[in-house]
Amino acid sequence: MSVLRLNAGRAWLPALLFCMSLAAVSQVAAADEAVLEVVRSDDERLVSLPMPEGEGWCLEWNHSVEGFPVLDCYRHRDGRMVLERSHLPDFAAGLDHIPGRGIQVSDGEGGYWIENIDEAVPGNAYRLRVGSMRVDHRLVIDNTRISLSSLAENQRVTIRLTLTPDASEARQTQ
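Calculation notes
- Residues numbered from 1 in each chain as written.
- Predicted model: local features only at pLDDT ≥ 70, side-chain atom pairs only at ≥ 80, totals over all residues.
- Heavy atoms only, no water.
- Disulfide = S-S within 2.5 Å.
- Helix = DSSP H or I, 4+ residues; strand = E, 2+ residues; numbered from the N terminus.
- Pairing = 2+ DSSP bridges.
- Axes fitted to C-alpha atoms, helices over the stretch in contact; angles between N-to-C directions.

K.L.:
Sorry, what's going on with the state of the cysteines here?
P.N.:
Throughout this description, disulfide means a covalent bond between two cysteine sulfur atoms. Summed over the entire model, instances satisfying the criterion amount to 1 disulfide. Linked covalently through their sulfurs, cysteine 58 and cysteine 73 form a disulfide whose S-S length is 2.1 Å. Measuring handedness by torsion sign, the sulfur bridge of cysteine 58 and cysteine 73 sits at about 100° and is right-handed. Here cysteine 73 lies in strand 4 (residues 69–77) and cysteine 58 lies in strand 3 (residues 56–62), a separation of 15 residues in the sequence.

K.L.:
Please explain the sheet that holds strand 1 (residues 34–40) as it appears in this structure.
P.N.:
With antiparallel pairing, 4 strands are arranged side by side in an open sheet as 2-1-12-9. Of all the strands in the sheet, the pair left with one neighbour each is strand 2 (45–50) and strand 9 (125–129). Each strand of the sheet is rotated relative to its neighbour by a mean of 15°, with strand direction disregarded. Bridge count between strand 1 and strand 2: 5 bridges; the pairing is antiparallel. Bridge pairing links leucine 36 to leucine 49 in strand 2.

Worth remembering: the numbers are spatial, not functional.
So this is what it looks like as structure tokens:
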């Protein structure tokens, strides 16, 4: 009988370790869960997209004078919305590099990227007055473009990275 109990006890340890590792993995996974949202001032949600840790997106719009596309690119990094880089195809009105804020590099086509900006967006959110269809503010995720101008032309919206409740709790315990 004692041999049976000893073997049963040995099976308990691997099972316990396995369960503990699953709990740790689920806690890390919860910390990665976030949603990129665009909401109107009345809190109506226009866009809601999963945005796991490490994933990124850009806000693209057409320059109001020159009409070419401009990009500000963000990433979900450690539970924060971080502005990583911007693409400016020209030195048109309002488009220039601020020395000390990232590194300006050629895009090989007459424009430039400002790389390594790496600025966390306060509160993981910012307000935007969405432009007309001529400006066409749009979210770009991979090869998908979502026109904010078609959803909320000339309206104020908030673009925010929202951690899920599980992710917020996991961050507090880390």
